[in-house]
Number of protein chains: 2
Amino acid sequence: MSATTADATAGPPLGSYPPAASTTPTRARERVTYDRALVHSILDAAYLCHLGFVADGRPVVLPTLYARDGERLYLHGSTGARALRHDGLPVCVTVTHVDGLVLAKSAFHHSINYRSVVVHGTARRVTDPARARAALDSLVNAVVPGRAEDCRPANAKELAATAVLELDLAEVSAKVRVGGPHDDPADLELPHWSGVVPVRTVNGTPLPAEDDGTRPELPRYLREFVA
Amino acid sequence: MSATTADATAGPPLGSYPPAASTTPTRARERVTYDRALVHSILDAAYLCHLGFVADGRPVVLPTLYARDGERLYLHGSTGARALRHDGLPVCVTVTHVDGLVLAKSAFHHSINYRSVVVHGTARRVTDPARARAALDSLVNAVVPGRAEDCRPANAKELAATAVLELDLAEVSAKVRVGGPHDDPADLELPHWSGVVPVRTVNGTPLPAEDDGTRPELPRYLREFVA
């Protein structure tokens, strides 16, 4: 636990989320943490979550954009339209980073290095136009930091056509696995390669739009983003 | 639709999955496809899904390893322990690749290029030891092709400790977005940069385990995997 907590971003101590029944894992308990700073760092390093809800008694999981604003998540309505018709919908939001592939001497001890956050709660529609606009800016900046300040803001009609949900960070847990394989001692002399293949996500060279009427140079925030 | 279908792997035509209520989107219908070959290619390009199920009436979404075997998915029990206690559990399995960040002149038209598959169905425990072993091999090979043949197979005790679920590919849909931003004509002369930032996942240089007693050279399938 201490090793994973140390990965959190520097800053004043933020304490922990209180464990709840929904955030107490039934397996691999040693990997779970409720550390707020670590949870924030995992959430802030991504922009795509998997949003789960129940529709007609059945589970539905849809990829959805999100942004964190303090102890709240904003969720984009682009893929959760069925969910967004309701107010006060129970949801589960899960964010996962794959950091490495753990190859052990035995098939059984193969694993994945990952960081994940699971948030349970009740999502509500953001109806106030000013807050909806701020939430949309947060969503744009979650994907490319600085981008919201370099595009035309949504007008009233566009805002009305966009659904944004909010979800409090209250029932929250994170799981982190780091390090190499944990092979049985009896297997360590087997001839198979063992270790970790690091995995990372890379932003490539930006491709200008064909119909761009002005073709500006790549702005600084984008050069830094893809560096 | 034709552009996305053309992305599917070459081979004999496999036809389409029949649309169901659960796989008919309420939004962005133009991006949906039921093409089997395309669905297979999206599933085969990943190994991590987000598994959704309902527990105590509430949605739960957990990152889970999977592998495709024909018209069936195998799901690893590593994170879905709560689900695995049941036989015949309604689930939703979602796989998402992010391929690019679509930056439009307007905040409203920002988007993501992605390929996703959503599978609805009833997952069942694989209890036959021979099938469980084959499923585990498939899961290992889904992460690193060729790896299952280069490690110690699971023994009876390990097999008993590992839960594998199977899920038929019957209620299946895919969604694909490709291409640049779709800006309003009136916005095309705005000075903001517009276009696509490609996103890809990269496997880095493998790091040998510190306690590896034999330190073999990197095998060929791993050299090709990280190339």
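The name given to chain A in an unreviewed UniProt entry is Pyridoxamine 5'-phosphate oxidase family protein, with Streptomyces triticirhizae as the source organism.

Enquirer: Before we go on, may I ask you to explain the environment of A:Leu167 in this structure?
Expert: Residue and element names in this part refer to chain A. With respect to the helices, strands and loops of the structure, Leu167 is situated in strand β7 (residues 164–168). Along the backbone, Leu167 and Leu75 are 92 residues apart, and their C-alpha atoms lie at a distance of 7.8 Å. Those residues in contact with Leu167 that lie beyond four places of it in its chain are Glu71, Arg72, Leu73, Leu75, Val91, Val93, Val119, Gly121, Thr122 and Ala123.

Enquirer: Any chance you could explain the interface of chain B and chain A here in plain terms?
Expert: Quite often, the size of an interface is put as the accessible area lost when its parts meet. Listed by partner, the interface residues are 90 residues for chain B and 90 residues for chain A. Here chain B meets chain A over a buried area of about 7500 Å², counting both sides, of which 61% is carbon and sulfur. A per-residue breakdown of the area chain B buries against chain A is headed by B:Pro59, B:Arg152 and B:Trp193, which together make up 10% of the total. The interface formed by chain B and chain A contains 8 salt bridges. Close ionic contact of B:Arg152 with A:Asp187 constitutes a salt bridge, the shortest N to O distance being 2.8 Å. Applying the counting rule to chain B against chain A returns 39 residue pairs in polar contact (both at pLDDT 80 or more). At 9 residues, strand β9 (residues 195–203) of chain B tops the list of elements feeding residues into the side of chain B that touches chain A. Taken together, the 2 bridges between strand β10 (residues 207–208) of chain A and β9(B) define a ladder with antiparallel strand orientation.

Enquirer: When you look at the relation of the copies chain B and chain A in this model, what are you seeing that I'm missing?
Expert: Put simply, the two copies of the chain differ by a rotation about an axis and a shift along that axis. For the pair chain B and chain A, the relating rotation is 180°, the translation along its axis is 0.0 Å, and the fit reaches an RMSD of 0.0 Å. Accordingly, the operation relating the two chain copies is best matched by a two-fold axis. Using C-alpha coordinates, one finds that chain B approaches the rotation axis most closely at B:Thr201, a distance of 2.2 Å. The share of interface residues of chain B whose copies in chain A are also at the interface is 100%, consistent with both copies meeting through the same surface.

Enquirer: How should I be thinking about the environment of A:Gly204 in this particular structure?
Expert: By the secondary structure assignment, A:Gly204 is in the loop between β9 (195–203) and β10. Residue classification places A:Gly204 among the buried positions, given a relative accessible area of 12%. Along the backbone, A:Gly204 and A:Val226 are 22 residues apart, and their C-alpha atoms lie at a distance of 6.1 Å. If we ignore the near neighbours within four places in the chain, the residues touching A:Gly204 are A:Val226, B:Val197 and B:Pro198.

Conventions we followed
Residues numbered from 1 in each chain as written. Chains lettered and ligands numbered in written order. Predicted model: local features only at pLDDT ≥ 70, side-chain atom pairs only at ≥ 80, totals over all residues. Heavy atoms only, no water. Helix = DSSP H or I, 4+ residues; strand = E, 2+ residues; numbered from the N terminus. Contact = heavy atoms within 4.5 Å. Buried area = accessible area lost by both parts, 1.4 Å probe. Salt bridge = Lys/Arg side-chain N within 4 Å of Asp/Glu carboxyl O. Polar contact = N/O pair within 3.5 Å; in protein donor to acceptor, adjacent residues only side chain to side chain. Pairing = 2+ DSSP bridges. Least-squares fit on C-alpha atoms with pLDDT ≥ 70 in both. Buried < 20%, exposed > 50% of the residue type's maximum accessible area, 1.4 Å probe, protein only.

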